[in-house]
Amino acid sequence: MKKLLFLLFALFGFTLLSACASETHYDSVSTTVQLNVSELPLDGSEVTIRQRFQFDRPLNALSSMTLAEAWISAPEMANIDGIPYSLDMLKSVNIFLVEEEDAPSIYWLVVPSSKLSGQDVMFSEFNIGDLRQYVDSYQQIELEITLSMEPYQVMKYWRDVCDMNNKCILEFPLSMQFKMED
């Protein structure tokens, strides 16, 4: 009888604890930051791009949404004599959260210029807490991405990869993974 009572208590306790536990999900968004090389400033000054991401999962039922990781990659399929271009093309890359159209954007992600090399680099985050406050009623989050490029590398890319055509698109893959808890 004691064993049966212990078994029922353990089963009931496990069921109760399982009902209280939260579930963790991970959602990823990926995009390509596209720049027309012929329109980039030749002095290496910043270029700003805005992008919106839409989430398929209903976010209002979540208890929290935070960034797990984010990274940017060098241009794909761009190489000269088998040597790929790298993130050395970038002098800086920063990502801001857009809260409201007229309000200043909130500094969120950065890659120190000393780490901009190779094919992929992780962003460092200024922890701003729960990201649900930056998601609008359409389940979208808007980002402002600022980049500055090394003029010599950009001109070399334009010459070697695009033959100096006016339509020369430089693409940097950007990915983010979000941790979502119910």
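Please read these numbers as outputs of a predicted model, since none were measured by experiment.

Draft legend 1. Region of interest: the packing of aromatic side chains. Within this structure, the stated rule accounts for four aromatic pairs. Centroid distance Phe96 to Tyr107: 5.0 Å. Interplanar angle 25 degrees. Geometry classified as stacked. Taken together, the residues span a long stretch of sequence, with Phe96 in strand β6 (residues 90-97) and Tyr107 in strand β7 (residues 106-111) at a distance of 11 residues. The class for Phe96 is buried, based on a relative accessible area of 17%. Tyr107 sits in the partly exposed class, given a relative accessible area of 35%. Among the aromatic side chains, those forming a connected cluster through ring pairs are Phe96, Tyr107 and Phe126.

Draft legend 2. Quick look at the environment of Tyr26. Along the polypeptide, Tyr26 turns up in strand β1 (residues 24-36). Here the alpha-carbon distance between Tyr26 and Leu67, two residues 41 residues apart in the chain, equals 9.4 Å. Sequence-distant contacts of Tyr26, defined by excluding residues within four places in its chain, comprise Ala68, Gln177, Phe178 and Lys179.

Cut-offs and rules
Residues numbered from 1 in each chain as written. Predicted model: local features only at pLDDT ≥ 70, side-chain atom pairs only at ≥ 80, totals over all residues. Heavy atoms only, no water. Phe/Tyr/Trp six-rings, centres within 6.5 Å; stacked < 30°, edge-to-face > 60°. Helix = DSSP H or I, 4+ residues; strand = E, 2+ residues; numbered from the N terminus. Buried < 20%, exposed > 50% of the residue type's maximum accessible area, 1.4 Å probe, protein only. Contact = heavy atoms within 4.5 Å.

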